[in-house]
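Coordinate inspection notes
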Amino acid sequence: MAAYSDIPYLIDLIDDESPVVQDAISQAFKKMGPDLEQKLKPFSLELANSTQEKLHQLTQNIRMEKFEVHWLDWLEIEDEREALESAMGWLSYLSAPWGAPSLSTLLDNLQDRFFSKGNWTEVPLLLDFLFRREEFTSPQDTYYDPSNSNLIEVIQRRQGLQISLSLIAVMLARRLTLPLYGFNMPGHFMMVWRKENEYSLHDPFNQGKSLPRPTQLYLERILKNRGETIKIYHVETHQIVLRVLRNLINAHTRINDESMAAAYQTYHDKLVQLIKTREEIQEDSK
């Protein structure tokens, strides 16, 4: 594995136009760890704009290659919420600001701050920490900006879509062994706190507060009239990932970024096909 101590020497070669040299730099960077861009960042700030742009493009190509190879690794993870963090980590990594920390690092930092406040592990305390103390909230102006679906940027800005804020809470809850999960309904994504045979629904756009009991009972009646129950909306990881991908497709379409909209559509369709194939195999094995 290439050493981070080699970075100054590799950066000195960035402006060399030789394909052989460029390939050697790329191969060396690929052998460095997942925090490559953070290690490069201090050096990048001292570069001329044109050289900095070349460095960013080189590492962006490495990002894309890593993403293509690893972004579906979560399909092999049995724990749903652990799989969720892996999936969202890769999706966030693909389009995060250059040099940004990983999603796992940011979640570690949030967890450390949670404990530094003298908290112990209870769902209400976690939700109070995120939505009141840390002030995670809805986007103020640009609701359909793609960054509102990138959990790295959501954590850094403390603003995101309903599903983004819910997922951050759910992933922290897994780390704290708390029974908080995603709750998926058309047009809404909330959190559900499972308490033995009971549950309560929590809205990230209302400081993580639980839905009023009459509202929850009204929802249950509507579902009952449709022959459904609350349980069917306890969402699986692949359903969450597909919903996030649809949000990204929509967001990039709205800003006329056709290339990224098409890329996310490809990832969406590939995942749909993989899930369908898996379900067919499971059905045939019965």
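Structure first, text after, so check above.
Time to look at the pattern of salt bridges. For the structure on display, the rule yields 11 salt bridges. Ionic pairing is found between Arg175 and Glu85, a salt bridge with its closest N-O pair at 2.6 Å. Here Arg175, found in helix α9 (residues 162–175), pairs with Glu85, found in helix α5 (residues 80–95); they are 90 residues apart in sequence, far enough to count as distant. The closest approach of N and O atoms between Arg132 and Asp128, which form a salt bridge, is 3.4 Å.

This part covers the pairing of strand β1 (residues 180–185). Of all 6 residues that make up β1, 5 are buried, and the element is covered over most of its length. Bridge count for β1 against strand β2 (residues 188–195) is 6 bridges, and the pairing is antiparallel. Bridge pairing in β2 links Leu180 to Trp193.

The backbone of Gln207 shows a phi angle near 55°, a positive value even though the residue is not glycine. By the secondary structure assignment, Gln207 is in the loop between β3 (198–203) and β4 (209–210). The partly exposed category is assigned to Gln207, whose relative accessible area is 38%. Notably, Asn256 is not glycine yet its phi reads approximately 60°, a positive angle. Structurally, Asn256 is set in the loop between α11 (237–254) and α12 (258–284). The exposure class assigned to Asn256 is exposed, which follows from its relative accessible area of 63%.

Right, let's get into the packing of helix α2 (residues 19–30) against helix α4 (residues 49–70). Where α2 contacts α4, the two axes come as close as 11 Å, and the packing angle between them is 55°. On the basis of their axis angle, the class for α2 and α4 is oblique. The chirality of how α2 crosses α4 is right-handed. Where α2 approaches α4, its residues Ile25, Ser26, Phe29 and Lys30 are matched on the opposing element by Leu55, Leu58, Ile62, Glu65 and Lys66. Partitioned by chemical class, the residues of the contact of α2 with α4 number 5 nonpolar, 1 polar and 3 charged.

Here we come to the environment of Arg213. On the secondary structure map, Arg213 appears in helix α10 (residues 213–225). The class of Arg213 is partly exposed, set by a relative accessible area of 48%. As a C-alpha pair, Arg213 and Lys195 span 18 residues in sequence and 15 Å in three-dimensional space.

Calculation notes
Here, residues in each chain are numbered from 1, in the same order as that chain's written sequence. Reporting in this predicted model follows two pLDDT cut-offs: at least 70 for local features of residues, and 80 or more for side-chain atom pairs to be given and counted; totals over whole chains, interfaces and linings ignore these cut-offs and use all residues. Just so you know, side-chain values use all the structure's heavy atoms and leave hydrogens and water out. Whenever Lys or Arg places a side-chain nitrogen within 4 Å of a carboxyl oxygen from Asp or Glu, that contact is recorded as a salt bridge. The way it works is that DSSP assigns letters per residue, a run of H or I at least four long becomes a helix, a run of E at least two long becomes a strand, and they are numbered from the N terminus. For the exposure calls, accessible area comes from a 1.4 Å probe over protein chains only, and a residue counts as buried if that area is under 20% of its type's maximum, exposed if over 50%, partly exposed in between. Here, any two strands with at least 2 DSSP bridges between them count as paired. Axis lines are fitted to C-alpha atoms, over the contacting stretch for helices. Their N-to-C directions set the angle, which ranges from 0 to 180 degrees. An angle counts as roughly parallel when it lies under 35 degrees, as roughly antiparallel when it exceeds 145, as roughly perpendicular when it falls between 65 and 115, and as oblique in every other case. The hand of a helix crossing depends on one turn: near helix anticlockwise from the far one by less than a right angle means left-handed, and clockwise means right-handed. Two residues qualify as a contact provided that any one of their heavy atoms is within 4.5 Å of a heavy atom in the partner residue. When residues are grouped by polarity, Ala, Val, Leu, Ile, Met, Phe, Trp, Tyr, Cys and Pro land in nonpolar, Asp, Glu, Lys and Arg in charged, and all others, Gly among them, in polar.

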